[in-house]
Amino acid sequence: MELNSTTLRAAGVGFDAAFARGLAMAQPVYERITTTINSTTASNEYGWLGKFPKFREWIGPRVINALQKHGYTLKNRSFESTISVNRDDFEDDNLGIYKPLFEELGLQARMFPNELVFALLMLGFSTKCYDGQYFFDTDHPVLDKDGKPVSVANTDGGAGAPWFLMDVSRALKPLIFQSRKKFDKLVRKDKEDDDNVFFGNELVFGSDGRCEVGFGFWQMAWGSKQALDAAHYETARVALTSMKADYGNPLAINPTLLVVPPSLEGAAKDVVKSVLVNGGETNKWANTAEVLVVPWLA
C-alpha cells in the first residue's frame, strides 16, 4: 500500500472505528460508587462536603445554613496511552493485525478510571478525607444533639482482605470522580513528514485525558478488614443505618452494595445471597445487598 494522504486518511478512519468499538464494549464499574463532577479548571474545591442539607418548618425568616469550609481540593492530573504502527506493516497492507490493539486501547480508555477509583478506595484506611481524618476511621468528628463533638466510626479495623458496604442510591456517592477531559478521542501523528514517521519509521496514535479522584461523604461507606461474616456484616449495617449528621439528624443511610475483591466473593454471597444458613436456618441478611466483585481490589 502506497503511503499517501488518501491511504493515511482511510487507515485513520479504520483505527478510529476500532477505538470507538472498544469504547462501546467497556462496562466500567467505578460509576457505581462515584459521583462524577465535570471540572472546568485545573482544580476544584469541595468545601461543601462538611454539610448535609436538611429542611425545617418555616417560621419567621429563613435560616441560612452556611457551608463549613474544609479546604478539600482535587487537582486534575493528566494521563495518556500511546501506541505505534510500523510503517513497513502499513506499506505491506498488514494493518489488520492492529485493529484488535486499537479496540483494546478504546476499551482501556473507558475502563482506566476503575484503576484510579478502586486504588483510592483501598487507600481509604490511611488517606485523609475532607474532615482531616482517614476516610475509614474510628474518630470522625460529629456534633451530637446538644452540639457537643463526638467521635463516629465507619470502620472496625482488622488485618485481612478489605471489603466495603455502601449506600450508592443518592446523588452524592462515597467517592468523587472529577472529569476534566474525557479519554474518548484517538489522536494521531501519521503524516509522511511527521518526525516519528520520517526518522522513526512509525505512525503514532494515542489517547489522553485529565481527571482526579477523591473522597466524598464518609458516612455512606463502611470499610472493614475483619472477616466477612454475618456478625461483621451486621456491625457494618447497623453502624451505617444509624449514622447521623450534626445535631443528631438521622441521615437515613441505606447500604445496599457490598463491594469485595475476588477472594471474598464466596464469603459475600454466603452472607447476603444464601437463603438458608447453619444447616437450615433462615438467613436474615439474605438479599439485603448486591455483591459487586471488583478485580481492581485484588
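See above for the structure.
In this report, the structure presented in the accompanying data block is examined. (Residues numbered from 1 in each chain as written. Predicted model: local features only at pLDDT ≥ 70, side-chain atom pairs only at ≥ 80, totals over all residues. Heavy atoms only, no water.)

### Considerations on the overall build of the protein chain
Reasoning step 1: Helices and strands together make up the secondary structure of the protein chain, namely six helices and 16 strands.
Reasoning step 2: Look at the contacts in the protein chain between residues 6 or more apart in sequence, and 76% of them connect residues 24 or more apart. (Helix = DSSP H or I, 4+ residues; strand = E, 2+ residues; numbered from the N terminus. Contact = heavy atoms within 4.5 Å.)

### Section: the nonpolar core
Reasoning step 1: If you look at the biggest cluster of nonpolar residues, it comprises 75 residues, and the most contacted ones within it are Ile33, Phe102, Phe118, Leu121, Leu258 and Val259.
Reasoning step 2: For Leu121, the residues in contact, after removing those within four places along its chain, are Ile33, Phe136, Phe164, Met166, Leu175 and Leu297. (Core = buried A, V, L, I, M, F, W, Y, C linked by side-chain atoms within 4.5 Å. Buried < 20%, exposed > 50% of the residue type's maximum accessible area, 1.4 Å probe, protein only.)

### Points about the environment of Glu45
Reasoning step 1: Structurally, Glu45 can be placed in strand 2 (residues 43-45).
Reasoning step 2: Under the relative-accessibility criterion, Glu45 is labelled partly exposed at 45%.
Reasoning step 3: A C-alpha to C-alpha distance of 4.2 Å links Glu45 and Thr73, two positions 28 residues apart in sequence.

### Quick notes on helix 5 (residues 230-241)
Reasoning step 1: Under the 1.5 Å per step criterion, the end-to-end length of helix 5 is 16 Å for 12 residues, consistent within 8% with the ideal 16 Å.
Reasoning step 2: The set of residues buried in helix 5 consists of Tyr233, Ala236, Arg237 and Leu240. One side of helix 5 carries all its buried residues, which in axial view fall inside an arc of 95°. (Expected span 1.5 Å × (residues − 1). Arc of directions from axis to C-beta.)

### Topic: the environment of Phe125
Reasoning step 1: Among the secondary structure elements, Phe125 is positioned in the loop between helix 3 (99-122) and strand 5 (140-143).
Reasoning step 2: The exposure class of Phe125 is buried, given its relative accessible area of 17%.
Reasoning step 3: A sequence separation of 10 residues divides Phe125 from Phe135, and the C-alpha atoms of the two residues are 6.3 Å apart.
Reasoning step 4: Excluding its chain neighbours within four sequence positions, the residues that come into contact with Phe125 are Tyr134, Phe136, Thr155, Pro162, Phe164, Gly223, Ser224 and Lys225.

### Considering helix 6 (residues 265-272)
Reasoning step 1: Every buried residue of helix 6 is listed here: Ala268, Val271 and Val272. All buried residues of helix 6 fall inside an arc of 75° around its axis, so they share one side.
Reasoning step 2: Buried residues along helix 6 sit against helix 5, strand 13 (257-260) and strand 16 (290-293).

### Describing the sheet that holds strand 7 (residues 155-158)
Whether parallel or antiparallel, the strands of a sheet pair through hydrogen bonds between backbone atoms.
Reasoning step 1: Read from one edge to the other, the open sheet built from five strands follows the order 7-12-8-13-16, with strand pairing classed as mixed. Two strands in the sheet have a free side with no partner beyond their single neighbour: strand 7 and strand 16. Ignoring strand direction, the axes of neighbouring strands in this sheet form an average angle of 20°.
Reasoning step 2: With four bridges connecting them, strand 8 (residues 163-166) and strand 12 (residues 221-225) associate as antiparallel partners. By the bridge assignment, Trp163 is partnered in strand 12 with Ser224. (Pairing = 2+ DSSP bridges. Axes fitted to C-alpha atoms, helices over the stretch in contact; angles between N-to-C directions.)

### Here's the deal with the packing of aromatic side chains
Reasoning step 1: Per the stated rule, a full pass over the model turns up 14 aromatic pairs.
Reasoning step 2: For the pair Phe15 and Phe205, a centre-to-centre distance of 5.1 Å together with 80° between the ring planes defines the contact as edge-to-face. Of this pair, Phe15 sits in helix 1 (residues 5-25) while Phe205 sits in strand 11 (residues 202-215); the two residues are 190 residues apart in sequence, bridging distant segments of the chain. Taken as a pair, Phe15 and Phe205 share a single burial class, namely buried.
Reasoning step 3: Taken together through their ring pairs, the aromatic side chains of Phe125, Phe135, Phe136, Phe164 and Phe215 make up a single cluster.
Reasoning step 4: Cation over ring: Lys225 sits above Phe125, and NZ or CZ is 4.7 Å from the ring centre. (Phe/Tyr/Trp six-rings, centres within 6.5 Å; stacked < 30°, edge-to-face > 60°. Lys NZ or Arg CZ within 6 Å of the ring centre and 35° of its normal.)

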